[in-house]
Amino acid sequence: MRKLVGVVCLGSAVLLSACGDKAGDADVERAFDTVNVIDESNLNDIMLTVADPNEAVNYFRRSLAEHPDRIDLLRGHALSLVRAKRNTEGAVAWKAVVDHAEVTNSDRVEYADALIRTGDWDTAEAALDKIPPTYETFKRYKLEAMIADSNQEWKDADAFYEIAVGLTTKPGSVLNNWGYSKLSRGEYAEAERLFGEAITYDDSLFTAKNNLALARGAQRDYELPVVPMSQIERAQLLHTLGLSAVKQGDIEIGKGLLREAIDTHPQHFEAAVRSLRALEANVTN
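Analysis parameters
Residues numbered from 1 in each chain as written. Predicted model: local features only at pLDDT ≥ 70, side-chain atom pairs only at ≥ 80, totals over all residues. Heavy atoms only, no water. Helix = DSSP H or I, 4+ residues; strand = E, 2+ residues; numbered from the N terminus. Buried < 20%, exposed > 50% of the residue type's maximum accessible area, 1.4 Å probe, protein only. Contact = heavy atoms within 4.5 Å. Areas by Shrake-Rupley, 256 points an atom, 1.4 Å probe, with all protein chains shown as cover. pLDDT = per-residue confidence, 0-100. Salt bridge = Lys/Arg side-chain N within 4 Å of Asp/Glu carboxyl O. Patch = residues over 30% accessible without salt bridge, like charges linked within 9 Å, V, L, I, M, F, W, Y side chains within 5 Å. Axes fitted to C-alpha atoms, helices over the stretch in contact; angles between N-to-C directions. Left-handed = near helix turned anticlockwise from the far one by under 90°. Nonpolar A, V, L, I, M, F, W, Y, C, P; charged D, E, K, R; others polar. Phe/Tyr/Trp six-rings, centres within 6.5 Å; stacked < 30°, edge-to-face > 60°. Lys NZ or Arg CZ within 6 Å of the ring centre and 35° of its normal. Core = buried A, V, L, I, M, F, W, Y, C linked by side-chain atoms within 4.5 Å. Expected span 1.5 Å × (residues − 1). Arc of directions from axis to C-beta.

Colleague: Explain the overall build of the protein to me, please; I cannot follow it from the model alone.
Modeller: A tally of helices and strands in the protein yields 15 helices and 0 strands. Evaluated residue by residue, the protein yields a buried proportion of 39% over its 285 residues. Across the protein, every contact between residues at least 6 apart in sequence was considered, and the portion connecting residues at least 24 apart equals 45%. Total accessible area on the protein stands at roughly 16100 Å², and carbon and sulfur atoms take up 54% of it.

Structural data, given as structure tokens:
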């Protein structure tokens, strides 16, 4: 009987802290604390991926009011602000993260990204300069390339873009950026190649398709690029090629492309109509 009572007391100590075991109380509290941390971590992740960005901002602000020094909450707040396109606030929030004792190199990259979104290129460059060269990630080198572009340091930009492309399995967007860099330098054939390559990785990138049309137009090649496109995209690319032809002085070709864009679009294509009317009015005058 005494043995049975002992077993009952032991079980109760684990489950309900019975038999006056204070150590059991502490164990139970620690167990619940662990569960709460796991649940909170899951909720933080959900707020950063599923929730409305502004709801996530409010959630992290409420959490920070209770735990102002927790870097995971500071980080979540900053990420949420950038997701909500509140970039100025996001840059300020990321500054609080990088000033924290537990800051990581990844945090410094995100801070630089937020600064670039606000147009503060110099501070972004300074933030990246604090990261050791041994920290090599796709995002770090993509930002390095963008900053080199802004400084017209073309050789560095090309080197950084090449590294960035090699560090991701989805290089479509960075290839598009690299192509635009080449386009801005007047290297149209190389820009065309990079835009085409970007589309092979992601054929939903309309920006790359439009940039490809610009690169071809700059070379007075007014044929539509052979890439996947919807009917609306086809009309928009014809519009781009038409404007490019006009810019090159090929007015009649431009007018023909604009008419084709208007005929191709499944709805009323107001932008192309306005462009064509302006051209015809100018010719008449």
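Colleague: It is not clear to me how the confidence of the model for the protein should be interpreted in this structure. Could you clarify?
Modeller: On average, residues of the protein carry a pLDDT of 88, and 85% of them reach 70 or more. This model gives residues 1-20 a pLDDT under 50, and the stretch forms 11 contacts once residues within four places in sequence are excluded. Note on residues 31-38: pLDDT under 50 across the span, and 0 contacts to partners over four residues away in sequence or across chains.

Colleague: Sorry if this is basic, but what is going on with the pattern of salt bridges here?
Modeller: Two side chains of opposite charge can pair, provided their charged atoms sit close to one another. Within this structure, the stated rule accounts for 21 salt bridges. Where salt bridges share partners, they join Glu-110, Asp-113, Arg-117 and Lys-139 into one cluster.

Colleague: Can you help me understand the environment of Leu-258 in this one?
Modeller: Assignment of secondary structure puts Leu-258 in helix α14 (residues 251-264). Overall, Leu-258 belongs to the buried group, its relative accessible area being 0%. The sequence separation of Leu-258 and Leu-241 amounts to 17 residues, and the corresponding C-alpha distance is 8.3 Å. Apart from the residues lying within four places of it in its own chain, the contact partners of Leu-258 are His-239, Gly-242, Ala-272, Ser-275, Leu-276 and Leu-279.

Colleague: What's the story with a nonpolar patch on the surface in this structure? I'm lost.
Modeller: Nonpolar side chains collect at one region of the surface, where Leu-43, Ile-46 and Val-50 lie side by side and expose about 280 Å² of accessible area between them. For Leu-43, the position within the fold is in helix α2 (residues 22-49). Given the relative accessible area of 37%, Leu-43 is considered partly exposed.

Colleague: Sorry, what's going on with the packing of helix α6 (residues 105-117) against helix α8 (residues 138-150) here?
Modeller: Each pair of packed helices can be summarised by the angle the axes make with each other and by the distance between the axes. α8 packs onto α6 with a crossing angle of 35 degrees between their chain directions and a minimal axis gap of 10 Å. The handedness of the crossing between α6 and α8 is left-handed. Contacts from Val-109, Glu-110, Ala-112, Asp-113 and Ile-116 of α6 reach α8 at Lys-139, Arg-140, Leu-143, Met-146 and Ile-147. Residue composition of the contact of α6 with α8, grouped by class: 6 nonpolar, no polar and 4 charged.

Colleague: I tried to follow the packing of aromatic side chains on my own but got confused; where do I start?
Modeller: How two aromatic rings sit relative to each other is set out by the distance from centre to centre and by the angle between their planes. Considering all chains together, one arrives at 3 aromatic pairs under this definition. On the numbers, 5.8 Å between centres and 15 degrees between planes, the contact of Tyr-161 with Trp-178 is stacked. Highlighted residues: Tyr-161 in helix α9 (residues 154-166) and Trp-178 in helix α10 (residues 172-184), separated in sequence by 17 residues. Judged by its relative accessible area of 1%, Tyr-161 is buried. In this structure, Arg-140 is placed above the aromatic ring of Tyr-141, and the distance from its NZ or CZ to the ring centre is 5.5 Å.

Colleague: Just to check I follow, could you spell out the nonpolar core for this structure?
Modeller: The tendency in soluble globular proteins is for nonpolar side chains to be buried side by side. Trp-94 and Leu-128 are the most contacted members of the largest nonpolar core, which has 31 residues in total. Counting only elements with at least two residues in this core, the list comes to α2, α3 (53-66), α4 (71-83), α5 (87-98), α6, α7 (121-129) and α8. Ranked by size, the runner-up nonpolar core spans 20 residues in total, among them Ala-145, Ala-164, Val-165 and Trp-178.

Colleague: What's the story with helix α12 (residues 206-218) in this structure? I'm lost.
Modeller: Quick reminder: α-helices carry 3.6 residues per turn. Residues three or four places apart thus point the same way. Counted at 1.5 Å a residue, the expected span for α12 with its 13 residues is 18 Å, and the 18 Å between its end C-alpha atoms agrees. Inspection of α12 places Ala-208, Lys-209, Asn-210, Asn-211, Leu-212, Ala-213, Ala-215, Arg-216 and Gly-217 among the buried residues, and these make up the whole buried set. Arg-220 lies just past α12 and shows a positive phi near 60 degrees.

Colleague: Please clarify how α5 should be interpreted in this entry.
Modeller: Taking 1.5 Å per residue as the helical rise, α5 with its 12 residues ought to reach 16 Å, and the 16 Å between its terminal C-alpha atoms agrees with that figure. Taken together, the buried positions of α5 are occupied by Gly-90, Ala-91, Ala-93, Trp-94, Val-97 and Val-98. Seen along its axis, α5 keeps its buried residues to an arc of 165 degrees; they face one direction. Pointing more than 90 degrees away from the buried face of α5 are the exposed residues Thr-88 and Val-92. Where α5 is buried, its residues meet α4 and α6.

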